[in-house]
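Examining the three-dimensional arrangement
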Amino acid sequence: MHDQNQILGYQPGTSFIYQLNATTKLIFMLLVSAACMITYDTRFLLAICVFSIILFKEAQIKWSQISFIVKFIVAFMILNLIFVYLFQPTYGQEIYHSRSILIHAGYFTLTIQEVFYLFNLLLKYICSIPIVLLFLLTTNPSQFAASLNQIGISYKISYAVALALRYIPDIQNSYWAISAAQQSRGNELSKKAKLSQLIKGTLNIIMPLIFSSLERIDTISTAMQLRRFGYKKKRTWYVAQSFKKEDYWVMGLSVLAILIVILLWQLNHGRFYNPFM
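What this report covers is the structure whose coordinates are included nearby.

What counts as what
Residue numbers run consecutively from 1 along every chain, following the written order of its sequence. Local features in this predicted model are restricted to residues whose pLDDT is 70 or higher, and side-chain atom pairs enter the listing and the counts only when it is 80 or higher, whereas totals over whole chains, interfaces and linings include all residues. Water and hydrogen atoms were dropped before computing side-chain values, which therefore reflect all heavy atoms in the structure. In this description a helix means any DSSP run of H or I spanning at least four residues, a strand means any run of E spanning at least two, and both kinds are numbered starting from the N terminus. Working definition: with a 1.4 Å probe on protein chains only, accessible area under 20% of the residue-type maximum means buried, over 50% means exposed, and in between means partly exposed. Computed with the Shrake-Rupley method and a 1.4 Å probe, the accessible areas treat only the protein chains shown as cover for residues. Here, expected helix span is obtained from the residue count minus one, scaled by 1.5 Å. We define the bend at each residue as the angle formed by axes fitted to the 7 residues ending at it and the 7 residues starting at it. Contact definition: two residues touch when any of their heavy atoms are within 4.5 Å. Salt bridges are counted wherever a side-chain nitrogen of Lys or Arg sits within 4 Å of a carboxyl oxygen of Asp or Glu.

What follows covers the overall build of the protein chain. Within the protein chain one finds ten helices and two strands. When the helices and strands of the protein chain are placed in sequence order, the string is α-α-α-α-α-β-β-α-α-α-α-α. Residues counted as buried form 38% of the 277 residues belonging to the protein chain. Surface accessibility of the protein chain: about 17000 Å² in total, with carbon and sulfur atoms responsible for 67%.

Now the structure itself:
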């Protein structure tokens, strides 16, 4: 039986991050993530990394809530960095216009410039992923839908977004339930299982998960039609939030991040900060 704290989804909290308007958190996530994706300035990326870690500590998010997804992302990051290096090991020296050899190995010669470039790629992941996880874990889907509708987005679209956010924990619960059923039938899915067993077991979980998801979607859409959802142009929201002073400060910080990236672009004469010149 899995722990409910392991479910990746909204769980109520008391820190100031939970009190922010959901649209504020969305704007912050989009603008700061965009800033991190645009620039390769190591100084800016390191600052955002530290800031992200501080936000995570402030939100009091438990490791059990994010351990699975973090391990998956770390594995993906390592694989991505390896393939970036294998496909073009000279890209770093082309960017920074210098070459300082660390390990000489023919075409796969490793340079300090390539390591620095790969380090910046790693920082981009570390900057963006915590912010996205913070949004998912601290945002009430209903409040988010209400906030989107407040800024002029159709309530139909807003409600669809809220349903998508609510569906993330439901899919995880269904996955664990099907997994437990498969294991009770003798299918080994633990860490002790062979790779072939894990692949086969995962396929046995995915198919029932897809069909159960389709059935749930059909049930929800039928229920909404019976309640004449979408008949009127406007609707009221039970959990609507107004923008507070803290929301404007947070949105201002996200705009400031974009402005800093634009300034760094001018100073660095491009996206890349070059410490080798």
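Still to come is the rest of the account.
Another aspect to go through is helix α4 (residues 63-87). Relative to the 36 Å expected for 25 residues at 1.5 Å per residue, α4 spans 34 Å between its end C-alpha atoms, a close match to the ideal helical length. In α4, a bend of some 30° at Ile-69 exceeds every other bend along the element. Turning to α4, its buried residues number three or more, namely Gln-65, Ile-66, Ser-67, Ile-73, Met-77, Leu-81 and Tyr-85. Those residues of α4 hidden inside the fold are in contact with α3 (42-59), β2 (110-111) and α6 (112-138).

Evaluation of the coordinates by the stated rule reveals one salt bridge. Close ionic contact of Arg-43 with Asp-41 constitutes a salt bridge, the shortest N to O distance being 2.7 Å. Under the relative-accessibility criterion, Arg-43 is labelled partly exposed at 44%.

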